[in-house]
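# Working through the structure, step by step
One-letter residues, chain by chain:
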Amino acid sequence: MKILIIEDERKLSDSIVDYLKGEKYLCEQAFDFNDAMMKVRVYDYDCVLLDLMLPGGNGLDILRDIKQRNNPAGVIIVSAKDSLDDKVKGLQIGADDYLAKPFHLAELSIRIYAIIRRKEFGANNMLECGGICINLLEKSVTANGHSLTLTKSEYELLLFFIGNKNRVLSKSAIAEHLSGDFADMMDNFDFIYTHIKNLKAKLAKAGIRDCVKNVYGMGYKWNAI
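Predicted, not measured: the structure shown is a model, and the values here were computed from it. (Residues numbered from 1 in each chain as written. Predicted model: local features only at pLDDT ≥ 70, side-chain atom pairs only at ≥ 80, totals over all residues. Heavy atoms only, no water.)

## Points about the packing of helix 3 (residues 59–68) against helix 4 (residues 84–93)
Helix-helix packing: each pair is described by the crossing angle between the helix axes and the interaxial distance. Running from N to C, helix 3 and helix 4 point in directions that differ by 15°, and their axes come no closer than 9 Å. On the basis of the axis angle, helix 3 is roughly parallel to helix 4. For the pair helix 3 and helix 4, the sense of crossing is right-handed. For the pair helix 3 and helix 4, contact is made by Leu-60, Leu-63, Arg-64 and Lys-67 and by Lys-89, Gly-90 and Ile-93, respectively. Its residues assigned to classes, the contact of helix 3 with helix 4 comprises 3 nonpolar, 1 polar and 3 charged. (Axes fitted to C-alpha atoms, helices over the stretch in contact; angles between N-to-C directions. Helix = DSSP H or I, 4+ residues; strand = E, 2+ residues; numbered from the N terminus. Parallel < 35°, antiparallel > 145°, perpendicular 65-115°, else oblique. Left-handed = near helix turned anticlockwise from the far one by under 90°. Contact = heavy atoms within 4.5 Å. Nonpolar A, V, L, I, M, F, W, Y, C, P; charged D, E, K, R; others polar.)

Written out as structure tokens, the structure reads:
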């Protein structure tokens, strides 16, 4: 799951990144208004952590832009401005949650998880599809009752496919989901083939075959019922 951290305090932003990476999230950072606005318009995120006081602008304007564009990303306002007016205004615009500084990183992680679970998987801790069972809280996977050992990229890829099981996913969309901003700098997406091949092999070993279909000239589609 991909998180955008919009926070001008670099030390705090880096500490959030270090913690969330340990929770297996893919994190990107923006330190000012203009960079943050560009990223929410160009890239897709599962959740945005949004500071209100930013160099170059107000975080509430970024929130308005996200909602006006029907961007499905969850938004948590993370701000030292603990006034009732700011909290009410942010929630009225469409923020999903509000967390005042200072806060515990473990609490932030739980709130992120709750928003993503609600938006992506209907608030379920367990996700089941075609013989595959994913425990979203433990980040563990079984297939036909067999425990699978997946890399972080394979786990994220599996969730991405199942979460978009009725859609054809382009190679660039998969690359962006797995690598974030770095996808723009890649000459090719060969690494995608490797991750898909390895994921399919592990699922096939557990008896789940042909779960990912190659749609020629377009990308890939989850094929398991």
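## Examining the pairing of strand 8 (residues 126–129)
Only one face of strand 8 is buried: it carries Leu-127 and Cys-129, and the other face, with Met-126 and Glu-128, is open. As judged from the 4 bridges shared by strand 8 and strand 9 (residues 132–135), these two strands associate in the antiparallel manner. Paired with Leu-127 across the two strands is Ile-134, which belongs to strand 9. Connecting the antiparallel pair strand 8 and strand 9 is a turn made up of 2 residues, with Gly-130 showing a positive phi of about 55°. (Buried < 20%, exposed > 50% of the residue type's maximum accessible area, 1.4 Å probe, protein only. Pairing = 2+ DSSP bridges.)

## Notes on the packing of helix 2 (residues 33–42) against helix 3
Between helix 2 and helix 3, the least distance of the axes is 10 Å, while the angle of their chain directions is 15°. For the element pair helix 2 / helix 3, the angle class is roughly parallel. Like other packed secondary-structure pairs, helix 2 and helix 3 cross with a definite hand, here right-handed. Listed contacts from helix 3 to Phe-33, Ala-36, Met-37, Val-40 and Arg-41 of helix 2 are Asp-61, Ile-62, Asp-65 and Ile-66. A per-class count over the contact of helix 2 with helix 3 returns 6 nonpolar, no polar and 3 charged.

## What about the environment of Leu-91?
Relative to the helices and strands, Leu-91 is located in helix 4. For the pair formed by Leu-91 and Leu-63, sequence separation is 28 residues and the distance between their alpha carbons is 9.9 Å. For Leu-91, the residues in contact, after removing those within four places along its chain, are Asp-96 and Asp-97.

## Things to note about the sheet that holds strand 8
Spatially, 4 strands are ordered 8-9-10-11 in an open sheet, and the strand pairing comes out antiparallel. Two strands in the sheet have a free side with no partner beyond their single neighbour: strand 8 and strand 11 (146–148). Averaged over all neighbouring strand pairs, the angle between strand axes comes to 25°, with direction disregarded. With 4 bridges connecting them, strand 9 and strand 10 (residues 140–143) associate as antiparallel partners. Bridge assignment links Cys-133 to a residue of strand 10, and that residue is Thr-142. Contacts from helix 6 (residues 152–163) reach strand 8, strand 9 and strand 10 within the one sheet, and its direction differs from that of strand 9 by about 115°.

So, to be careful, I would describe these as geometric facts and stop short of saying anything about function.
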